[in-house]
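# Fold and geometry: a report
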Amino acid sequence: MRQSTFGHAGAGDSVMLDCVIIGGGPAGLTAAIHLARFRRRVVVIDAGASRAALIPRTWNHPGYPTGIRGGRLLGRMRQQVTDLGVPVIRGRVVRLDPLPHGGFEVLAGSLHIARHVILATGAVDRL
C-alpha cells in the first residue's frame, strides 16, 4: 500500500501518522499548528468549503483584537501550517474506518493511516 504523507514512504511502505485532521477551517488548522509544533506527523484534509472564508470580519480570533477578514485569516493559518511542513490535501473524505487494533484508515483520494482523527468539519448554515 502506498501512503501519501509527509513521512518517508516508498512503494509498499505505510507510514502511521499521528493524526489526520478532517477540515481546513480555523479549528482544523489550529489543531495542525499545535500538533506540528509538538513534532507529530499530521495531514489536513480540506474540502475548501470553510464558512470562515465568507466572514467579512471576525472579531473572535485570538491575536486580532480589531478583527480580520475570514479569507485572510485562513490564508495566514494555511501558510503557517505549510511552513511547519504539514501537508494540506485538497479533497473530501470518502471513507473513514477504524482499524481492528487501533487507529484509522482515511480515504481521501489517497489512503492515510493514523492513530487518531480530528473531525473539524465545522457547521452548515440552514437557511
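The structure we're discussing is the one just above.
Anyway, here's the lowdown on the structure attached to this text. (Residues numbered from 1 in each chain as written. Predicted model: local features only at pLDDT ≥ 70, side-chain atom pairs only at ≥ 80, totals over all residues. Heavy atoms only, no water.)

With that settled, the discussion passes to the layout of surface pockets. In this structure, the largest pocket encloses a volume near 480 Å³. Along the wall of the largest pocket there are 24 residues; nearest its centre are Ala49, Ser50, Ala120, Thr121 and Gly122. Within the residue set of the lining of the largest pocket, elements represented by two or more residues are helix H1 (26–37) and strand E2 (42–46). In terms of residues, the lining of the largest pocket owes the most to one element, H1, which gives 3 residues. The residue makeup of the lining of the largest pocket, split by class, is 12 nonpolar, 9 polar and 3 charged. (1 Å grid on protein atoms, 1.4 Å probe; cavity = no way out; pocket = protein on both sides within 12 Å on 5 of 7 lines; lining within 4 Å. Points joined across faces, edges and corners; volume = space filled by probe spheres on them. Helix = DSSP H or I, 4+ residues; strand = E, 2+ residues; numbered from the N terminus. Nonpolar A, V, L, I, M, F, W, Y, C, P; charged D, E, K, R; others polar.)

Looking at where Ser50 falls in the secondary structure, it is placed in the loop between E2 and helix H2 (70–83). In terms of polar contacts, Ser50 uses its side chain to reach the backbone amide nitrogen of Ala52, at 3.1 Å. Here Ser50 is in contact with Gly25, Pro26 and Leu74, once residues within four sequence places are set aside. (Polar contact = N/O pair within 3.5 Å; in protein donor to acceptor, adjacent residues only side chain to side chain. Contact = heavy atoms within 4.5 Å.)

So, about the pattern of salt bridges. Using the criterion set out here, one finds 4 salt bridges in the structure. A salt bridge links Asp97 to Arg95; the nearest nitrogen and oxygen atoms lie 2.4 Å apart. Here Arg95 and Glu105 are joined by a salt bridge, their closest N and O atoms 2.7 Å apart. Highlighted residues: Arg95 in strand E4 (residues 95–98) and Glu105 in strand E5 (residues 104–108), separated in sequence by 10 residues. According to the relative accessible area criterion, Arg95 is partly exposed, its value standing at 32%. What emerges from the salt-bridge pattern is a single network uniting Arg95, Asp97 and Glu105. (Salt bridge = Lys/Arg side-chain N within 4 Å of Asp/Glu carboxyl O. Buried < 20%, exposed > 50% of the residue type's maximum accessible area, 1.4 Å probe, protein only.)

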